[in-house]
Structures are given as C-alpha cells and as structure tokens.
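Inside the fold
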Amino acid sequence: MSKPDTVRFRYNQAILVAAIIAFVGALPLANARDYLLPVLLVPLAVAVWAWRAGTDADARELRIRALVGQRRIDWDQVLELTTDQRGRAVARLDDGRQVTLPAVRGADLPQLVAATGQPLPDAPAADTPGQ
C-alpha cells in the first residue's frame, strides 16, 4: 500500500534564520550572568516552532502541528473551509468550533482542498473531444 500524498504548509523559513541569529546575539548576554542563561530559551523555542508548526493534509485528515503536540481532524468533521478577516484559513467543524489552520493562507485553500482527493467545486469540467 502506497503512502497517501500529503500537502504540507509551513511558515516562512526566514523565521528560523532570524531565531538562529537571535540565539547567537543572545549568547553574550547569557554568558554575562548565570541568571540570564534562560534568555537563550526564547530564540530556541522560536526556532523549534518555526521548524515544526504548520498544517499537514492528506485524503484522510488534517494534522495541525504546534510547538509541542499535534491535533488530528478527520475530513468528516470539517463542514467548511473559509478565511478570517486577516486572510488566514479557518476550518469550521461539525461541533460548531472554528480552528485556524497554521501557515495556511486563503490563497492556499484550493491546494488544501485538492489534498482531500475531492474535486474543487469551481473546477471547470474537462473538455470532451468532438465539441
């Protein structure tokens, strides 16, 4: 059995680069006094978040990944995919809740829907030969 195609949405990797630069920049401060050592945890947490956080989608489910942990949502639970006022993608669930999909923009919704294996509602019908 082949692995289903998974579409991955992640934040821009420039965030990861910025976190690494911030970590290097915080080293002199953290080395100045022992009680300032936890300052290094902030850019480290941002780097891990930038590397890990996002949304994965395949034909079976959505996986929402955060700094720690993940949430799985079956497509059966999703009533609607829409955008909020800021242009972020939101999934409305059958229990009335709304879940913001990390790293997915409104422009990415067609790609997200295509990951389900279902045809897009606005997709034009394929031209048949002889017409």
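Everything below is about the structure printed above this text.
Okay, so let's go over this structure. Not measured: the values here are computed from a predicted model.

**Looking at the sheet that holds strand S6 (residues 88-93)**
Reading across the sheet, the 3 strands line up as S5-S6-S7 and stay open at both edges, with antiparallel pairing between neighbours. At either end of the open sheet lies a strand with only one pairing partner, and these are strand S5 (78-83) and strand S7 (98-105). For this sheet the average axis-to-axis angle between neighbouring strands, irrespective of direction, equals 25 degrees. Strand direction decides the pairing type here: S5 and S6, joined by 5 bridges, are antiparallel. Bridging across to S6, Thr82 finds its partner in Val90.

**A few points about the nonpolar core**
Leu62, Ile73, Val78, Leu101 and Leu112 are the most contacted members of the largest nonpolar core, which has 18 residues in total. Breaking this core down by element, the ones donating at least two residues are strand S1 (7-10), strand S3 (61-65), S6, S7 and helix H3 (109-114). Counting residues per element, this core draws most heavily on S7, which supplies 4 residues. In contact with Leu62, not counting residues within four places along its chain, are Thr55, Asp56, Ala57, Arg71, Arg72, Ile73, Trp75, Val78, Leu101 and Leu112.

**Describing the pairing of strand S2 (residues 54-57)**
Burial along S2 is two-sided: Gly54 and Asp56 and Thr55 and Ala57, pointing in opposite directions, are all buried. Sheet topology places S1 next to S2; 4 bridges connect them, and they run antiparallel. Along S2, the bridge assignment pairs Val7 with Ala57. Note: S2 against S3, 4 bridges, orientation antiparallel. Residue pairing across strands places Thr55 opposite Ile64, the latter belonging to S3.

**Focus: unusual backbone geometry**
Although it is not a glycine, Ala103 sits at a positive phi angle of roughly 70 degrees. Along the chain, the position of Ala103 falls in strand S7. Under the relative-accessibility criterion, Ala103 is labelled buried at 16%.

**Regarding the sheet that holds S2**
Strand order in the open sheet formed by 4 strands is S1-S2-S3-S4, and the pairing between neighbours is antiparallel. Each edge of the open sheet is held by one strand with a lone partner, namely S1 and strand S4 (70-74). If you compare each strand with its neighbour and ignore which way they point, the axes differ by 15 degrees on average.

**Some thoughts on helix H1 (residues 14-32)**
Between its first and last C-alpha atoms H1 spans 28 Å; for 19 residues at 1.5 Å apiece the expected length is 27 Å, and the two agree. Within the sequence span of H1, burial applies to Ala19, Ala26 and Ala30. Those residues of H1 that are buried lie in contact with helix H2 (41-52).

Each value, and the rule that gives it
Residues numbered from 1 in each chain as written. Predicted model: local features only at pLDDT ≥ 70, side-chain atom pairs only at ≥ 80, totals over all residues. Heavy atoms only, no water. Pairing = 2+ DSSP bridges. Helix = DSSP H or I, 4+ residues; strand = E, 2+ residues; numbered from the N terminus. Axes fitted to C-alpha atoms, helices over the stretch in contact; angles between N-to-C directions. Core = buried A, V, L, I, M, F, W, Y, C linked by side-chain atoms within 4.5 Å. Buried < 20%, exposed > 50% of the residue type's maximum accessible area, 1.4 Å probe, protein only. Contact = heavy atoms within 4.5 Å. Expected span 1.5 Å × (residues − 1).

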